[in-house]
Amino acid sequence: MTDGGYLELSALEFHVMLALVAEPLYGYAIKEAVVSESSGALQPHAGSLYRVLARLMQWKLVTEIEAEPDAPPHPGLARKYYALTPRGRKALGAAARRLKQSARLAEERLGIVVGGR
């Protein structure tokens, strides 16, 4: 789970947190953002999405918050909104840097020319 004090995030954990960078979202909106931002590579089911959210909350990377007063009402149960914590932002940034370094290493080893060089 940890690597030198940083959490190793799964692809789904990473994309859930990425979806929460701009604003708090409720479960279905998170799912839609993950599907869209992963170009359909990730298609989380409700059970797996809520397990990931529970784990991220346990790690204090995500928190549950109250809905904005002007949020449209939902005809069913009240929506739960989730937000990225400051610790979550730091963990997401660290994960993004590790991914970037790993991608750079893979490109070098595969002889891929990046940026038309």
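This structure is a prediction, so every number in the text was calculated from the model and none was measured. (Residues numbered from 1 in each chain as written. Predicted model: local features only at pLDDT ≥ 70, side-chain atom pairs only at ≥ 80, totals over all residues. Heavy atoms only, no water.)

Caption draft 1: Structural detail: the sheet that holds strand 4 (residues 62-65). Taken in spatial order, the three strands make up an open sheet running 3-5-4, and their pairing is antiparallel. Here the strands that pair on one side only, and so sit at the sheet edges, are strand 3 (25-26) and strand 4. Bridge count for strand 3 against strand 5 (residues 81-84) is two bridges, and the pairing is antiparallel. Across the sheet, Y26 pairs through a bridge with Y81, a residue of strand 5. (Pairing = 2+ DSSP bridges. Helix = DSSP H or I, 4+ residues; strand = E, 2+ residues; numbered from the N terminus.)

Caption draft 2: Local environment of helix 3 (residues 46-58). For helix 3, spanning 13 residues, the distance from its first C-alpha to its last is 18 Å, which sits close to the expected 18 Å at 1.5 Å a residue. Along helix 3, the residues classified as buried are L49, V52, L53 and L56. One side of helix 3 carries all its buried residues, which in axial view fall inside an arc of 100°. Of the exposed residues in helix 3, those oriented more than 90 degrees away from the buried face are R51 and Q58. At its buried positions, helix 3 is contacted by helix 1 (11-19), helix 2 (27-37), strand 4 and strand 5. (Expected span 1.5 Å × (residues − 1). Buried < 20%, exposed > 50% of the residue type's maximum accessible area, 1.4 Å probe, protein only. Arc of directions from axis to C-beta. Contact = heavy atoms within 4.5 Å.)

Caption draft 3: The arrangement of unusual backbone geometry in detail. Of note in the backbone geometry, S39 takes a positive phi value of approximately 55° without being a glycine. Position of S39 among the secondary structure elements: in the loop between helix 2 and helix 3. Using a relative accessible area of 71% as the deciding quantity, one classes S39 as exposed. Of note, the phi angle at K60 is positive, near 65°, even though the residue is not glycine. Note on placement: K60 falls in the loop between helix 3 and strand 4.

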